[in-house]
Amino acid sequence: MDNMSVIRAKEGFAPVRKRGISGSTLKIIAIIAMLTDHIGAVVVYGFWRQAWDNRCLEIIYYVMRLLIGRIAFPIFCFLLVEGFNHTHNAVKYAVRLFLFALISEIPFDLAVKGRMFAPESQNVFFTLFIGLLVMMAYRGIAEKLKAAVWIKLILYVVALGAGMGLAFCLKTDYDAIGVGCIMALYIFRKNKAAQITAGCAGFFASCFFTGGSELTAPLAFIPIAFYNGERGLKIKYFFYLFYPIHLLVLYFIAYFLGLI
């Protein structure tokens, strides 16, 4: 709260809210985009697969996944960085991410692969968890290690390489690219314009490794640009619970419709 807000509060006025989009609003936008993407991936694709000549289903599929769904992950990456910057206990934050990564794995495998165990792909919570570990390593190197700048730079590169390598080997959702984009947002976190530029560049560059599937991901930085730095509604655990539950629901819908 700034000085003017404090003065207004003392005089009996409600504090002035900042214009823009709060963190909770960004999270809701990302959740809606993610849900749209997963409906397209699980249900619409199931119908399209059974009727390949249906142009309408093809258009719906690509609109849901490429135009709408691609903005979800960049927003979650941004919110992860914001959460890490404001958390009082990074270890507890990491434990929570890892716990829900484990909880979400079976629902993810069922929805995406149609079976309970699919080692060839892991859910996005693992990517976010690894990204958080790399941020913790960066903070530790910056704040606790007394060494020459060049040594710190080497350690930064090693930490980033280790995180990206781990995500790649585990085959997490967005794998190494996801971790790299998280760290781009973290490194430039103190300058909003530079952060947005780095995020757009990172996701655009990822197109060369994903066949262009992330071409529309930079659109996520439009709502991010309006982020006002406020938390908004207290819905911290909503996403954690929504993620595995909605995947299970989509799986059962697809299963009973004979799409899986």
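Residues numbered from 1 in each chain as written. Predicted model: local features only at pLDDT ≥ 70, side-chain atom pairs only at ≥ 80, totals over all residues. Heavy atoms only, no water.

*Asks:* Explanation requested: the nonpolar core in the structure shown.
*Replies:* Residues L26, L80, L97, F125, L132, M135 and Y243 are the most contacted members of the largest nonpolar core, which totals 66 residues. With 11 residues, helix α6 (residues 124-144) is the largest single contributor of residues to this core. When neighbours within four sequence positions are excluded, L132 is seen to be in contact with L80, F84, A90, Y93, A94 and L97. (Core = buried A, V, L, I, M, F, W, Y, C linked by side-chain atoms within 4.5 Å. Buried < 20%, exposed > 50% of the residue type's maximum accessible area, 1.4 Å probe, protein only. Helix = DSSP H or I, 4+ residues; strand = E, 2+ residues; numbered from the N terminus. Contact = heavy atoms within 4.5 Å.)

*Asks:* Honestly, the packing of aromatic side chains in this entry has me stumped. Any pointers?
*Replies:* Applying the stated criterion to the full structure yields 29 aromatic pairs. An angle of 5° between the planes, with centres 3.9 Å apart, marks the rings of F73 and Y174 as stacked. Taken together, the residues span a long stretch of sequence, with F73 in helix α4 (residues 72-86) and Y174 in the loop between α7 (149-170) and α8 (175-187) at a distance of 101 residues. Pair check on accessibility: F73 and Y174 agree, each one buried. Here a set of aromatic residues connected by ring pairs shows up, and it is made of F76, F100, F125, Y237, F239, Y240 and Y243. In this structure, R139 packs its charged tip against the face of F84, placed 3.9 Å from the ring centre. Sitting above the plane of the Y186 ring, R189 keeps its charged end 4.0 Å from the centroid. (Phe/Tyr/Trp six-rings, centres within 6.5 Å; stacked < 30°, edge-to-face > 60°. Lys NZ or Arg CZ within 6 Å of the ring centre and 35° of its normal.)

*Asks:* I keep staring at the environment of A220 and nothing clicks. Help me out?
*Replies:* In this structure, A220 sits in the loop between α10 (207-210) and α11 (221-225). Since its relative accessible area comes to 0%, A220 is described here as buried. On a C-alpha basis, the gap between A220 and F129 in space is 21 Å, while along the polypeptide they are 91 residues apart. With residues near it in sequence (within four places) discarded, A220 still touches I71, P74 and I75.

*Asks:* I'm lost on a nonpolar patch on the surface in this one. Help?
*Replies:* Together, F47, Y237, L241, I245, V249, I253 and L257 give the surface a local cluster of nonpolar side chains, amounting to about 630 Å² of exposed area. Per-element accounting of the nonpolar patch gives the leading share, five residues, to helix α12 (residues 236-256). By the secondary structure assignment, V249 is in helix α12. (Patch = residues over 30% accessible without salt bridge, like charges linked within 9 Å, V, L, I, M, F, W, Y side chains within 5 Å. Areas by Shrake-Rupley, 256 points an atom, 1.4 Å probe, with all protein chains shown as cover. Salt bridge = Lys/Arg side-chain N within 4 Å of Asp/Glu carboxyl O.)

*Asks:* Would you mind going over a positive patch on the surface with me for this structure?
*Replies:* On the surface, a cluster of positive charge is made up of K92, R231, K234 and K236. Within the element layout of this structure, K92 appears in helix α5 (residues 90-113). On the accessibility criterion, K92 (53% relative accessible area) is exposed. (Lys, Arg positive; Asp, Glu negative; His and termini not counted. Charge placed at Lys NZ, Arg CZ, Asp CG, Glu CD.)

*Asks:* In this structure, what is going on with the packing of α4 against helix α9 (residues 192-205)? I would like to understand it.
*Replies:* What describes two packed helices is the angle between their axes and the distance between those same axes. Packing of α4 against α9 leaves a shortest axis separation of 12 Å and a crossing angle of 140°. Considering their axes alone, α4 and α9 lie oblique with respect to each other. Every pair of crossing elements has a handedness; the one defined by α4 and α9 is right-handed. Contacts between α4 and α9 involve F73, P74, C77, F78 and V81 from the former and K192, Q195 and F203 from the latter. Residues of the contact of α4 with α9, tallied by class, amount to six nonpolar, one polar and one charged. (Axes fitted to C-alpha atoms, helices over the stretch in contact; angles between N-to-C directions. Parallel < 35°, antiparallel > 145°, perpendicular 65-115°, else oblique. Left-handed = near helix turned anticlockwise from the far one by under 90°. Nonpolar A, V, L, I, M, F, W, Y, C, P; charged D, E, K, R; others polar.)

*Asks:* Any chance you could explain unusual backbone geometry here in plain terms?
*Replies:* Where the residue is not glycine, phi is negative for most of them; where a peptide bond is considered, it is trans in most cases. Even without being a glycine, Y174 presents a positive backbone phi close to 75°. Owing to a relative accessible area of 18%, Y174 belongs among the buried residues under this scheme. For D175, which is not glycine, the phi torsion reads 30° and is therefore positive. With respect to the element layout, D175 can be found in helix α8. Residue D175 is classed as partly exposed on the basis of its relative accessible area, which comes to 26%.

Geometric descriptors of this kind do not, in isolation, establish any biological role.
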